[in-house]
Amino acid sequence: MTNWEIIWEARGLFLQGFLNTLVIFALSTAAAFLIGCGVLYLLEGSRPRLRVPLRIYIDVMRMLPFLILAYLLYYGLPTFGIRLDAWWAGVGALAAYHGAYFAEILRGSRVSLPPGQVEAAYAHGFTTSRMFLRLILPQLVMQSRPLLGNQLVIALKDTAFLVIITVNELTWAANSVSATYFIPTEAFVVVIGCYWLVSIVMEVAIKQAGRFGTKRGFDNV
Amino acid sequence: MDANAWSMLLEGAWTTLWISAVSIAIGVTAGLAIALIRLARLPVIEQLLVTYISLARATPLVTLTLFIFLTLPTFGINMDRSVAGIMALTLNTTAFNAEIWRAAFQNFSRDQREAALACGMTPTVCFRRIMLPQMVITSLPGLVNEMSFLIKGSPAIAVIGIVDLTRVTNRISAVTYEPLPPILAAAALYMAIIGCLVWTQRIAERKANRLAM
């Protein structure tokens, strides 16, 4: 049996890891996006007292490595009697970490949004929440889509860190196959190919979103 | 946490720092070299480099580190853990740095280049005396940003057993049974290191804007 046939025999393991990575990635980036939008909305203004803690949250996350946050949630929280299993600790850490980055990206493009629109919206009787949801958020997301896409690729790569806190994801699959059959080269080539595939798909999707944005006139601001 | 734990933490921080510093130093120069080679547009090499950059940007650091550490011995190349870690970090950061340098090349003003050539400088002299000093300044913010990304990604080398600043927290908590204090201390040390880099980046950006060409 050649090495590639062994890999094919172990396809179930790779598939399981790949699906697990995709589920973790989808769940955590969705949560991170919501956190990012939520933080941006709170920064929007109605509660000035929240501004400082939110800035601290964003800046702290930007200065920490992702793995330290995962360690904090996985090894640190049991001190307070909260025991998460590795999977949920990983998803939570990814969401909290990348939520701060999404918030920072959206905030960056919020600063450059012309203030006239907001004033016009208020003059038309929009409440802050409706204006945020209908006018500001769609524009910010479409404007900052290259950066958001970049952040998605970084989030995908950060899922691999979870192998260190014993989550059974794609890198774990490669590691266990190479440990069982002593064929590290083929196992890791397959896995790196999977990561590559996902990030290429995401790049294409971001480009398509750009086309959609041009059609809907998001570029003529 | 006692003095012993702190000295272990500082040792871990030192490991993280020197491995990252070596990878940054190699990565920045190799990135420049790759950007220069890509300018020449050599037929086969160009495609190879594009594939390398695309692959290296999509591969997670943990996967790359494990790949290098486990694969090279099967080809008969035995290496130290830290060399494998440095190789993984370098391969990753070089791809990003190459893109930063290439952007700096593409944005370099043609007028200056043409003026330099018209004054009789050879392309090499023009590159060394005119282009490189300005390109270093304009791409410094991007490069420093990439450096802080590298340090944020450096815990990946813990996966092959290098005792870096992240891994050392496990060692300490294995003795004290209190995982929280060492992790928080490590977080503070990381924040100090990356905070310094962010601060340099801010200064670099200000300098770059002042010298804006």
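All figures in this text were calculated on a predicted structure; none of them were measured in a lab.

## Describing the overall build of chain A
Part 1 of the reasoning: When helices and strands are counted, chain A shows 10 helices and zero strands.
Part 2 of the reasoning: Along chain A, helices and strands appear, N-terminal first, in the series α-α-α-α-α-α-α-α-α-α.
Part 3 of the reasoning: In terms of overall dimensions, chain A has C-alpha extents of about 75 × 50 × 25 Å along its principal axes.
Part 4 of the reasoning: Of all 221 residues assigned to chain A, the portion counted as buried reaches 39%.
Part 5 of the reasoning: A sequence separation of at least 24 residues applies to 77% of the contacts in chain A between residues at least 6 apart.

## Re the overall build of chain B
Part 1 of the reasoning: From N to C terminus, chain B includes eight helices and zero strands.
Part 2 of the reasoning: Expressed as lengths along the three principal axes of its C-alpha atoms, the size of chain B is roughly 70 × 45 × 25 Å.
Part 3 of the reasoning: Considering chain B as a whole, with its 213 residues, one finds that 38% of them fall into the buried category.
Part 4 of the reasoning: Within chain B, counting contacts between residues at least 6 apart in sequence, those at least 24 apart form 80% of the total.

## Some words on the interface of chain A and chain B
Frequently, the measure chosen for interface size is the accessible area that the parts lose on association.
Part 1 of the reasoning: Contacts between chain A and chain B engage 28 residues on the former and 29 residues on the latter.
Part 2 of the reasoning: Top element by residues in the side of chain A that touches chain B is helix α10 (residues 184-215) of chain A. It accounts for eight residues.

## A word on the nonpolar core
Residues and elements named next belong to chain A.
Part 1 of the reasoning: Grouped together as the largest cluster of nonpolar side chains are 111 residues, with contacts concentrated most on Ile68, Leu69, Ala70, Ala93, Phe161 and Val191.
Part 2 of the reasoning: Considering each element in turn, this core owes the most residues, 13 residues, to helix α5 (residues 86-111).
Part 3 of the reasoning: Ignoring anything within four residues of it in the chain, the contact list for leucine 69 reads Leu64, Ala93, Ala96 and Tyr97.

## Side note on α10(A)
At 3.6 residues per turn, the α-helix brings residues three or four places apart onto the same side.
Part 1 of the reasoning: Taking 1.5 Å per residue, 32 residues should reach 46 Å; α10(A) reaches 47 Å between its end C-alpha atoms and fits that length.
Part 2 of the reasoning: Residues of α10(A) that are buried include every one of Pro184(A), Glu186(A), Ala187(A), Phe188(A), Val190(A), Val191(A), Ile192(A), Cys194(A), Tyr195(A), Val198(A) and Ser199(A), and no others.
Part 3 of the reasoning: Tucked into the core, α10(A) has its buried residues touching α1 (3-9), α2 (11-43), α8 (145-158) and α9 (170-181) of chain A together with α2 (43-58) and α3 (61-71) of chain B.
Part 4 of the reasoning: Remark: Gly217(A) follows α10(A) within two positions and exhibits a positive phi of approximately 80 degrees.

## Thoughts on the packing of helix α6 (residues 123-153) of chain B against helix α8 (residues 180-210) of chain B
All names here are of chain B.
Part 1 of the reasoning: Relative to each other, α6 and α8 sit at 170 degrees, their axes nearing to 8 Å. Classed by the angle they form, the pair α6 and α8 counts as roughly antiparallel. Along its contact with α6, which presents Ile137, Thr138, Leu140, Pro141, Val144, Asn145, Met147, Ser148, Ile151 and Lys152, the element α8 presents Ile193, Ile194, Leu197, Val198, Thr200, Gln201, Ala204, Glu205, Lys207 and Ala208.
Part 2 of the reasoning: For the contact of α6 with α8, the per-class residue count stands at 12 nonpolar, five polar and three charged.

## Brief notes about the packing of α9(A) against α10(A)
Residue and element names in this part refer to chain A.
Part 1 of the reasoning: Packing of α9 against α10 leaves a shortest axis separation of 8 Å and a crossing angle of 165 degrees. The angle between α9 and α10 falls in the class roughly antiparallel. Considering only the axes of α9 and α10, their crossing is right-handed. Contact with α9, carried on its side by Leu170, Thr171, Ala173, Ala174, Val177 and Ser178, involves Pro184, Ala187, Phe188, Val191 and Cys194 of α10 and no other residues of that element.
Part 2 of the reasoning: Grouping the amino acids of the contact of α9 with α10 by side-chain chemistry returns nine nonpolar, two polar and no charged.

## Comments concerning the environment of Trp87(A)
Part 1 of the reasoning: Mapped onto the elements, Trp87(A) comes out in helix α5.
Part 2 of the reasoning: Sequence separation between Trp87(A) and Tyr74(A) is 13 residues; the distance between their C-alpha atoms is 9.3 Å.

Procedures and definitions
Residues numbered from 1 in each chain as written. Chains lettered and ligands numbered in written order. Predicted model: local features only at pLDDT ≥ 70, side-chain atom pairs only at ≥ 80, totals over all residues. Helix = DSSP H or I, 4+ residues; strand = E, 2+ residues; numbered from the N terminus. Buried ≥ 20, exposed ≤ 12 C-beta atoms within 10 Å, placed from the backbone. Contact = placed C-beta atoms within 7 Å. Core = buried A, V, L, I, M, F, W, Y, C linked by C-beta atoms within 7 Å. Expected span 1.5 Å × (residues − 1). Axes fitted to C-alpha atoms, helices over the stretch in contact; angles between N-to-C directions. Parallel < 35°, antiparallel > 145°, perpendicular 65-115°, else oblique. Nonpolar A, V, L, I, M, F, W, Y, C, P; charged D, E, K, R; others polar. Left-handed = near helix turned anticlockwise from the far one by under 90°.

None of this, on its own, says anything about what the molecule does.
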